[in-house]
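Geometric and topological summary
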Amino acid sequence: MQAISPVGKPIDPERPLVLAIAATGGPRIAAMNEAAENVGIAIGDPVADARAKADSLQVRAADSGADDAALRRLTLWATRYTPTASPWCREPWSEENGADGFFLDIEGAAHLFGGEESLLADLAGRLNRFGLLARLAIAATPGMAWALSHFNAAPQSILPSGNEAAAIAAMPIKALRLSGESRAVLRRLGFKSVGTLMDKPRAPLAARFSDELLRRLDQALGRIDEPLIPVTAPPVYHSLNYLLEPIISQQAIVARACRLMQNLVHVLVRDQVGARALRLSLYGLDGAVETIDIGLTAPTRSVAHVARLIDLKLDTLAAMQDAGFGFEAIGLAVTRVAPMPARQIDSNIDRHLQLRATAENDDDIAALIDALRQRLGSNRVRQFEAVPSHIPERAEKLTEVNGKTFQSAPPRSEDSYWLLADDKTRPLLLLPQAEPAEVTALVPEGPPRRLRWRGVTYDITGAQGPERIAEEWWRNPSPYPPPQAGEGKEGSLTRDYYFVEDGEGHRFWLYREGLYGRETAAARWFVHGLFA
Amino acid sequence: MLVSTAFPSLSLIPDRAAVLTQLRGLLARQAGWREDVNATLPFGLAALDSHLPNGGLACGALHEIVPTTQAALPAAFGFVVAILARLSSSYGVGLADSERMDAHCLPHGFPNGPPYGTERRIVFVMPAHALRQCGRLSGHGLKSLGLNPRRAILIETAHWQDSLWALVEALRSQAPQAAAGMIDRIDLKTSQKLHLAAVDAGLPLLLLRPSQTLESSAAATRWRIDAAAGARDRFGSYARARWQVQLERCRNGRSGEWVVEYDHVAHRFSLVAALADLSLSRGAGDQSRRQANRS
C-alpha cells in the first residue's frame, strides 16, 4: 500500500512529481510534471505503477479546490485582455472541459494588442513568466479553440475563420469534449477521428447519443452558439490602462483611476447614463488581481467623487494587504448604469432655482452617503422606514440607505404610517430588547407605583395608560388565545403600555405582558423605551 | 487712544449698545468664527437668547450637550432633537426675527407640510455600544418631538474614530442641515477640529457627551441637561416634555439656568419657572396634594 505523503519534504521540480487522487483500486495519477512525463508515466496510471517506472517518485495529493481557486485567480487576471473571461469548470452538472484553462472572448479586443498573433505572444510570455506552460489557440468557436489547444502539435495556433470543419476532421474524438461514456461507445463503434463522424447521417447519431454528441460537433463548427459563463459580470463600459512601470502607491492608483473615469465620462454623457456601480481592477505583476467594487447611491458621472470613493476604499485595504510587486495594469469598469438625463430648465425661474437647489442637495447627500458607506460599511448607514404595524418594535425599521431606498421618492401614503393618534405617545429611545423590570402596583391591573430597573428604584409619581396593544393575530399561527392561562407563547401576549414618570422627571415606557386571568397568572413587566 | 487706532470705526459710534455689539463681533472674529456666520437659531425665549451671542444658538459651531447624570441621557437626547426639529421648522436660519416668529407661531410653515426634498437631511452618528445602553432612536419618537423621521440618516459606528470621521465628513459635504453625534471622549484638539469643520460648513454640530465630561473643549456652548417633571394639562395627563437646562459655558455669552418646556407641534420652547431650585416648588406641590388627599 502506498501512502500519499501530504506535505513533507520540499519538492524538487527536476525530479518526477505526480499529484494523485484516490480512486477505486488505489490512488491514481491526476497530474504530473515534465520529468515524470519523460519517464513514461501517463495520467490515470496507478501510483504503484508509476513508482515502478520512476524511483524516488514524488507524490502529493491533488487538491481540486485549490486548483479551482488558482484557475479563478488566473482567469481574473486574464480579464486584462478582455472583460469576458470564462474559466473551464469541472462541476458535475456542466460538461467536462477539464478545469485547467479558460476561454477569452477576444472579439474586438485583439487589435488593442496589435493583432491576434501579438496578443497570443503577449499572453504566452506573461504566463511563462508566472511559470506556467500554456497551450494557446485562437479560433472562431470555443469548441474549436479547445480542440486546437489540446490536440494541435504547436503550442500556439491560430485558426482562420471558416476552416473549422477541415481542422477538426483530422482530430481524435476526444477533441469534441464528450463525456467518458459517449467516448467509450464511439470507440467501440470504431470511430477514431471527428472526420469519420461528420460524414455520417445525423439522425442515427441523434437517436443514439442524446443531444450531447451533435451539440458538441455543432458548437465546434459554429453552427450553434456556446454561451460562456464569465468569471465576473461583464461590464457595461470598460476602460483599461496598461502601465509601463508598475505602480504601488495609493496616490498613483487614484490618479490613474481618475484618468480612466475621465475616459468613461464621455461615453456616459453620450448615452445619457450615470454609473451606479463601478469595479476597479488592479492587475498585479504577480498575476494577482485586486478588485474593488463601488456602489453608488445615485447615478454619477463625477470623476472627483469616484476618485474619492476609491481613495477611501484603498485606505481600508492598505492596512490589510500590500501591493506586492506593484500593479501593471488598472481597469475601471462600469458594471451598472442608470439613466441620467440632462436636467430641464423650468420656465418658472423661481421654481427652477428651487428644483435645482433640491437636486443639488440630493446629489450632495448621495455623495455623502456613498463616502460613508464606502468607509464604514453599507449596513452602517441607515434611515427610518415606517411599517404599518401596531407592535412598537415592528412599527418601524431601519433600512440601509442605498440607491433603491434613496432614489425612490417616498410615496405620500407612506407618510401616514408615521402618523399616530394624539393620545398615543411614543418614546424617543427604544430599547433594542424590552428589559424585564420589577414593578409594584397597588392592584394587579393598576398602574405601576414603583419601578426597579437596572438596579435603580424609581418612585413613580405619574402614570398614564394603559394603552393596550394586542398581538397581531394575522402573524400568529394559532389565532385563538391559548385555552389555559400561563401557556401563552412568548411574545404572543397582550401588552398594556404605561407612560410613567418619577419624581425626578425620568420618563419610561413600561408594559405589562399578558392579561390577568385570561392569558397569564403572573404578569411580567418590561421597560421598552425612554422618553425625552 | 489705542482703541481708536486699532478700531477707528468705534470712535465714530456714540451709541454704547452698538459699540458693545461691534466689540462682540470682533471677539467672534478673533475666535476664528466666520464673519458671515450671523445665522443663529434663537430659542424664541428672551431669557435664554439674551445669554447667547447674537441672540441665539450659532449655526456654524460646535455645541456640547451633557446630561447631568446618566439617567438624564434621554432628556439630553430630547433637547438635541428639539433643537434640530426647530432648526428645520424655521427654515429661516437667515430670516429676520419678526418673520421667524410668524413662521413658528403657525403650526407649520406650509399648509400641507413642506414639499418633500426641500427638507434637508440630518445626520445622527451613534456609537454601536450606545445602543445597548440607552436604546436607539425611534422614528415614531422623533416624530413625536416634531422631527420628520425620514430626514434622519442614522450612522452606527464601531469606533470613536469612525464617529469623528463620519461627523467631519458630514459637515464637510455641507449636504445635511445639521449633524448630531454621540462621542465619549474627545480632547481639546479634536474638539477644535470638529468646531472648525462646523464653522467652515456653517452647519451646527450638536455633540452629546457623557455625563462625566469635564475637560475643556472648543465648543461654543456647553449645555447641561437634567430631567424635570413633565408638564401636565388640567386633566393631569402628560402634556409636554420639560427639561432643566443649564448653559454651563458659552463663548461670548453668559451662563444661566432655566427650566424649559418644549411644544413639538409649534416647535416652540417656553419658560417654565424662574425658580432656581425646582425641588422646592415640586416639594410644595407634593405637600399640597397630600393635604388635599387627606382632607
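Here the structure is a predicted model, which is why all the values come from computation and not from measurement. (Residues numbered from 1 in each chain as written. Chains lettered and ligands numbered in written order. Predicted model: local features only at pLDDT ≥ 70, side-chain atom pairs only at ≥ 80, totals over all residues. Heavy atoms only, no water.)

Let's shift gears to the overall build of chain B. From N to C terminus, chain B includes 10 helices and 13 strands. Counting across all 295 residues of chain B, residues that qualify as buried make up 50%. Once local pairs closer than 6 in sequence are excluded, the contacts in chain B between residues at least 24 apart make up 68%. Accessible surface for chain B amounts to roughly 13,400 Å². Of this, 55% is attributable to carbon and sulfur atoms. (Helix = DSSP H or I, 4+ residues; strand = E, 2+ residues; numbered from the N terminus. Buried < 20%, exposed > 50% of the residue type's maximum accessible area, 1.4 Å probe, protein only. Contact = heavy atoms within 4.5 Å. Areas by Shrake-Rupley, 256 points an atom, 1.4 Å probe, with all protein chains shown as cover.)

Helix and strand counts for chain A stand at 15 helices and 19 strands. Looking at chain A as a whole, 44% of its 532 residues are labelled buried.

Another aspect to go through is the sheet that holds strand 1 (residues 17-21) of chain A. Residues and elements named next belong to chain A. Strand order in the open sheet formed by three strands is 2-1-3, with mixed pairing between adjacent strands. Single-partner strands in this sheet number two, and they are strand 2 (28-32) and strand 3 (58-61). Shown here is a sheet whose adjacent strand axes are inclined to one another by a mean of 40 degrees, direction ignored. Bridge count between strand 1 and strand 2: four bridges; the pairing is antiparallel. Following the sheet pairing, Val-18 is matched in strand 2 by Met-32. (Pairing = 2+ DSSP bridges. Axes fitted to C-alpha atoms, helices over the stretch in contact; angles between N-to-C directions.)

All names here are of chain A. By the definition in use, this model includes 21 aromatic pairs over all chains. Taken together, a centroid distance of 4.8 Å and an interplanar angle of 55 degrees make the contact between Tyr-458 and Phe-508 tilted. In this pair, Tyr-458 is assigned in strand 16 (residues 456-469) and Phe-508 in strand 18 (residues 507-513), connecting sequence segments 50 residues apart. Of the two residues examined, Tyr-458 and Phe-508, each falls in the buried class. Between Tyr-497 and Tyr-511, the aromatic rings sit 4.9 Å apart at their centres with planes inclined by 45 degrees, giving tilted as the arrangement. Of the two residues, Tyr-497 is situated in strand 17 (residues 495-502) and Tyr-511 in strand 18; the sequence distance between them amounts to 14 residues. (Phe/Tyr/Trp six-rings, centres within 6.5 Å; stacked < 30°, edge-to-face > 60°.)

Once that is clear, we can look at the interface of chain A and chain B. Each partner contributes residues to the interface: chain A has 50 residues there, and chain B has 60 residues. Counting the surface lost from both chain A and chain B, the interface buries some 4,900 Å², and carbon and sulfur atoms represent 58% of this. When the buried area of chain A at its contact with chain B is split by residue, Arg-380, Phe-384 and Leu-428 of chain A rank highest and sum to 14% of it. Summed over the shared surface of chain A and chain B, the number is five salt bridges. Here Glu-156 of chain B ties to Arg-380 of chain A by a salt bridge, and the two come within 3.8 Å at their closest N and O atoms. The interface formed by chain A and chain B includes 15 residue pairs in polar contact (both at pLDDT 80 or more). Element by element, the count of residues in the side of chain A that touches chain B is highest for helix 13 (residues 349-376) of chain A, at 11 residues. Residue classes in the side of chain A that touches chain B are distributed as 27 nonpolar, nine polar and 14 charged. Pairing analysis gives two bridges linking strand 14 (residues 429-441) of chain A to strand 5 (residues 136-137) of chain B, with the strands arranged antiparallel. (Buried area = accessible area lost by both parts, 1.4 Å probe. Salt bridge = Lys/Arg side-chain N within 4 Å of Asp/Glu carboxyl O. Polar contact = N/O pair within 3.5 Å; in protein donor to acceptor, adjacent residues only side chain to side chain. Nonpolar A, V, L, I, M, F, W, Y, C, P; charged D, E, K, R; others polar.)

What follows covers the packing of helix 8 (residues 160-173) of chain B against helix 9 (residues 188-201) of chain B. Each pair of packed helices can be summarised by the angle the axes make with each other and by the distance between the axes. All names here are of chain B. Interhelical geometry of helix 8 versus helix 9 gives an angle of 20 degrees and a closest axis separation of 9 Å. Judged by the inter-axis angle, helix 8 sits roughly parallel to helix 9. For the pair helix 8 and helix 9, the crossing hand works out as left-handed. For the pair formed by helix 8 and helix 9, the contact residues are Leu-164, Leu-167, Val-168 and Leu-171 on the first element and Thr-190, Leu-194, Ala-197, Ala-198 and Ala-201 on the second. In terms of residue class, the contact of helix 8 with helix 9 is built from eight nonpolar, one polar and no charged. (Parallel < 35°, antiparallel > 145°, perpendicular 65-115°, else oblique. Left-handed = near helix turned anticlockwise from the far one by under 90°.)

All names here are of chain B. Extensive coverage of strand 7 (residues 178-182) is indicated by the burial of five of its five residues. Summarising the sheet, strand 4 (residues 122-127) and strand 7 pair through four bridges and their orientation is parallel. Bridging across to strand 7, Val-123 finds its partner in Ala-179. In terms of strand pairing, strand 7 meets strand 8 (residues 205-208) through four bridges, oriented parallel.

Residue and element names in this part refer to chain B. On average, residues of chain B score 75 in pLDDT, and 73% of them reach the 70 mark or higher. Considering only residues more than four positions removed or in separate chains, one finds that residues 1-6, a stretch of pLDDT under 50, has two contacts. pLDDT under 50 marks residues 91-118. Its contacts with residues more than four places away, or in other chains, come to 32 contacts. (pLDDT = per-residue confidence, 0-100.)

Residue and element names in this part refer to chain A. A cluster of basic residues, Lys-174, Arg-187, Arg-188 and Arg-208, forms a positive patch on the protein surface. Of note, Lys-174 is situated in the loop between helix 6 (164-169) and helix 7 (180-189). For Lys-174, a relative accessible area of 48% gives the class partly exposed. (Patch = residues over 30% accessible without salt bridge, like charges linked within 9 Å, V, L, I, M, F, W, Y side chains within 5 Å. Lys, Arg positive; Asp, Glu negative; His and termini not counted. Charge placed at Lys NZ, Arg CZ, Asp CG, Glu CD.)

Residue and element names in this part refer to chain A. One can find Asp-45 in the loop between helix 1 (34-39) and helix 2 (47-53). The class for Asp-45 is buried, based on a relative accessible area of 17%. Within the local environment of Asp-45, its side chain forms a polar contact with the backbone nitrogen of Ala-42, the two atoms lying 3.0 Å apart. Only 3.5 Å separates the side chain of Asp-45 from the side chain of Lys-53, close enough to count as a polar contact. Contacts of Asp-45, omitting those with residues within four sequence positions, involve Pro-27, Arg-28, Ile-29 and Lys-53.

Residues and elements named next belong to chain A. With antiparallel pairing, the four strands of this open sheet are ordered in space as 8-11-9-10. Only two strands of the sheet have a single neighbouring strand rather than two, namely strand 8 (237-247) and strand 10 (289-300). In this sheet, neighbouring strand axes are inclined to one another by 15 degrees on average, regardless of whether the strands run parallel or antiparallel. Across eight bridges, strand 9 (residues 273-284) lies against strand 10 in antiparallel orientation. Within strand 10, the residue paired with Ser-281 across the bridge is Thr-291.

Two residues of an α-helix separated by three or four positions point the same way, owing to the 3.6 residues in each turn. Residues and elements named next belong to chain A. Spanning 15 residues, helix 3 (residues 64-78) covers 21 Å between terminal C-alpha atoms, matching the ideal 21 Å at 1.5 Å per step. Among all positions in helix 3, only Leu-71, Leu-74, Thr-75, Leu-76, Trp-77 and Ala-78 are buried. Looking at the buried residues of helix 3, the elements they touch are strand 4 (85-87), strand 5 (102-104), helix 4 (116-129), strand 9, strand 10 and strand 11 (327-339). The backbone nitrogen of Gly-65 lies 3.2 Å from a side-chain oxygen of the residue at the head of helix 3, namely Asp-63. (Expected span 1.5 Å × (residues − 1).)

When the pLDDT values of chain A are averaged, the result is 81; 89% of them are 70 or greater. Across residues 483-489 of chain A, where pLDDT falls below 50, the model places 13 contacts with residues more than four positions away in sequence or in other chains.

Residues and elements named next belong to chain A. For Glu-14, the position within the fold is in the segment before strand 1. The exposure class of Glu-14 is exposed, given its relative accessible area of 66%. Between the C-alpha atom of Glu-14 and that of Ala-35, which follows or precedes it by 21 residues, the distance is 6.4 Å.

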